[in-house]
Amino acid sequence: MFDIQSYMKAGSVDEAVALLAAHPNARLVAGGTDVLIRLRHGSRDFTRLVDIHGLAELRFISLDPLQNIRIGSGTVFTDLAQSDLILRHLPVLADAAGSVGGPQIRNMATIGGNICNGAPSADSAPALFALNALLELKSNRGFRQVPVADFYLGPSVVDLKPGEVLVSIIIPREAYQGYAGHYYKYAMRKAMDIATIGCAVSLKTSGNRLADYRIAYGVAGPTPLRCPSAEKTAVNQMISDTLVSKIAAAVEDDVSPRTSWRATREFRLHIISELARKVTRTALDRVRKE
Amino acid sequence: MSGLQLKEIELYVNGTPCKRVVDVRKTLLELLREDLGLTGTKYGCGAGECGACSVLVDDVLVDACIYLAVWAHGKKIRTIEGEAKKGRLSPVQQAYVTEGAIQCGFCTPGFVMATTAFVQQHAGQTVTDDTIRKAHAGNLCRCTGYQHILRAVKKSMQFPDE
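Note that the structure is predicted; figures quoted are calculated from it, not measured. (Residues numbered from 1 in each chain as written. Chains lettered and ligands numbered in written order. Predicted model: local features only at pLDDT ≥ 70, side-chain atom pairs only at ≥ 80, totals over all residues.)

## Some points on the overall build of chain A
(1) Moving on: Along chain A, the regular secondary structure elements total 13 helices and 14 strands.
(2) Moving on: When its C-alpha atoms are laid out on the principal axes, chain A stretches across 60 × 45 × 30 Å.
(3) Moving on: Counting all 290 residues of chain A, 50% fall into the buried class.
(4) Moving on: The contacts in chain A between residues at least 6 apart in sequence include a share of 63% that link residues at least 24 apart. (Helix = DSSP H or I, 4+ residues; strand = E, 2+ residues; numbered from the N terminus. Buried ≥ 20, exposed ≤ 12 C-beta atoms within 10 Å, placed from the backbone. Contact = placed C-beta atoms within 7 Å.)

Encoded structure:
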């Protein structure tokens, strides 16, 4: 039994928006894999719930007329990891979705919850950062769009304004078409673990050059982050082992990992650098295979 | 608003329709164990880590300890109690017995449900040990060392009719 003080079921996004407006202290629950565990651990932040669990309106993966990929915030990780559309166009996100928790968790946990809880270790976050994803939020003031990188304000703090519901995640056509990518989660265990470091790369080649290169990390700072100096080092350069080594060195200027019981700052820096190599190479291999 | 909140739900449990008024604070696991007396599904960690409470909701494997009872409204729940039919173990259960994949037995109901979901999804396919391990990564066993469970899953795959 959870210490739920008030429970309100929303039958639609509009209903959820109205309930949040009427009950400013209430919080959303979707998959429950995070909120219910926090409640179990005695958190007082989630005792008033607006329930959007299982809303069909929020569970979709689609291609819009402009070829942007739209993912409903209530889509569970199993859907993402198995979707033909995601596997074909956003392998970096399929990798990330497949590395979350274990099978039961992937069957329950939603991508929207993974982003809105603000965890720096969220597996989907580095992938969405590397895909220049946009978040579409709805409140009683209407819709607003925000780039995922601007949504993260600090550790466990996101720009989810009172009364807002994250409705969908949009991957713009120009951000994924012609790109290859990969996400790798380094953790102590192969499953049911939180990333020590997660690394996502999305890149585009033109002949022997890197036409575009984006690299993002989880747990490499207070929020998931992109690596502007490494990206600058990489773009328009000839693809070579030397370039991969330069990128692996440059990422260290972009990150600020901390020491925790899970790993020291020094160990994380080592993993960050090694993952830049490993993930970039896998992404390049995927370009060659296409 | 605070205090007791009740909600009427209708669900199917192991094929039997069932109507209950539930406290909205309850988990599906508590509904099964306390209200319906189905104590085969175990309470392990209570936090979605160990899989001892694994059940199928509309044939999808979930941890019943972090699944609200009210979410089961309109759903078909399968628990370990429904797997044996007319006194005959399901092929998955039989494979666990034959392979000796059980020691203390606490994790077994959850494992059997995980394997049942796995066999349904991969019927007729050739699967690697790695695929089997990944699909059972949400279930912990502290006795067997997993080797016998791995063998039981492989044996279960020989019965595609399940």
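## Describing the overall build of chain B
(1) Moving on: Within chain B, the regular secondary structure consists of five helices and five strands.
(2) Moving on: Traced from its N-terminal end to its C-terminal end, chain B shows the element sequence β-β-α-β-β-β-α-α-α-α.
(3) Moving on: Against the globule reference of 15 Å for 162 residues, chain B gives a C-alpha radius of gyration of 16 Å, in line with a compact fold.
(4) Moving on: Over its C-alpha atoms, taken along the principal directions, chain B stretches across nearly 50 × 30 × 25 Å.
(5) Moving on: Put simply, chain B has 162 residues, and 45% of those count as buried.
(6) Moving on: Within chain B, residue pairs in contact and separated by at least 24 positions form 63% of the contacts whose partners lie at least 6 positions apart. (Rg over C-alpha atoms; globule rule 2.2 N^0.38 Å.)

## Here we look at the confidence of the model for chain B
(1) Moving on: Confidence along chain B averages 95 in pLDDT terms, with 96% of residues attaining 70 or more.
(2) Moving on: If you check the scores for this complex, the pTM reads 0.96 and the ipTM reads 0.96. (pLDDT = per-residue confidence, 0-100.)

## Some details on the environment of His53(A)
(1) Moving on: As for its placement among the helices and strands, His53(A) is situated in the loop between β3 (48-51) and β4 (61-63).
(2) Moving on: For His53(A), a count of 21 C-beta atoms within 10 Å corresponds to the buried category.

## Topic: the interface of chain A and chain B
(1) Moving on: Tallying the contact residues gives 21 residues for chain A and 26 residues for chain B.
(2) Moving on: Counting only elements with at least two residues in the side of chain A that touches chain B, the list comes to β1 (6-9), α2 (35-40) and α6 (103-108) of chain A.
(3) Moving on: Looking at the side of chain A that touches chain B element by element, the count peaks at five residues for α6(A).
(4) Moving on: In terms of residue class, the side of chain A that touches chain B is made up of 11 nonpolar, nine polar and one charged. (Nonpolar A, V, L, I, M, F, W, Y, C, P; charged D, E, K, R; others polar.)

## A word on the pairing of strand β10 (residues 165-171) of chain A
Residue and element names in this part refer to chain A.
(1) Moving on: Most of β10 is tucked away: seven of the seven residues are buried.
(2) Moving on: Pairing between strand β5 (residues 69-72) and β10: four bridges, direction antiparallel. Across the sheet, residue Arg 70 finds its bridge partner in β10, namely Ile 170.
(3) Moving on: Pairing analysis gives five bridges linking strand β6 (residues 134-139) to β10, with the strands arranged antiparallel. Within β10, the residue paired with Leu 137 across the bridge is Leu 166. (Pairing = 2+ DSSP bridges.)

## Some remarks on the sheet that holds strand β2 (residues 27-29) of chain A
Residues and elements named next belong to chain A.
(1) Moving on: Strand order across the open sheet formed by three strands is β1-β3-β2, with parallel pairing between neighbours. The open sheet has two edge strands, β1 and β2, and neither has a second partner. For this sheet the average axis-to-axis angle between neighbouring strands, irrespective of direction, equals 30°.
(2) Moving on: One ladder, built from three bridges, connects β2 with β3; its direction is parallel. Opposite Val 29, over in β3, you have Asp 51 as the bridge partner. (Axes fitted to C-alpha atoms, helices over the stretch in contact; angles between N-to-C directions.)

## Topic: the nonpolar core
(1) Moving on: Of all hydrophobic cores here, the largest spans 143 residues; its most connected members are Leu93(A), Leu131(A), Cys199(A) and Ala200(A).
(2) Moving on: Element by element, the count of residues in this core is highest for helix α3 (residues 108-121) of chain B, at seven residues.
(3) Moving on: Dropping the residues within four chain positions of it, Cys199(A) is found in contact with Pro126(A), Tyr183(A), Tyr184(A), Tyr217(A), Leu275(A), Ala276(A) and Val279(A). (Core = buried A, V, L, I, M, F, W, Y, C linked by C-beta atoms within 7 Å.)

## As for the packing of helix α12 (residues 241-254) of chain A against helix α13 (residues 265-289) of chain A
All names here are of chain A.
(1) Moving on: Relative orientation of the contacting elements α12 and α13 amounts to 145°, with a least axis distance of 8 Å. Seen from above, α12 lies across α13 with right-handed handedness. In this structure, α12 uses Val 244, Ile 247, Ala 248, Val 251 and Glu 252 to contact α13, whose residues at the interface are Leu 269, Ile 272, Ser 273, Ala 276, Arg 277, Thr 280 and Arg 281.
(2) Moving on: Looking at side-chain class alone, the contact of α12 with α13 contains seven nonpolar, two polar and three charged residues. (Left-handed = near helix turned anticlockwise from the far one by under 90°.)

## Describing unusual backbone geometry
Residues and elements named next belong to chain A.
(1) Moving on: Even without glycine at this site, Asn 132 takes up a positive phi of about 50°.
(2) Moving on: Take Asn 132: it is sitting in the loop between α8 (124-130) and β6.
(3) Moving on: Residues other than glycine seldom take positive phi values, yet Met 192 does so here, at roughly 55°.
(4) Moving on: Counting through the fold element by element, Met 192 comes out in the loop between β11 (180-186) and β12 (197-206).

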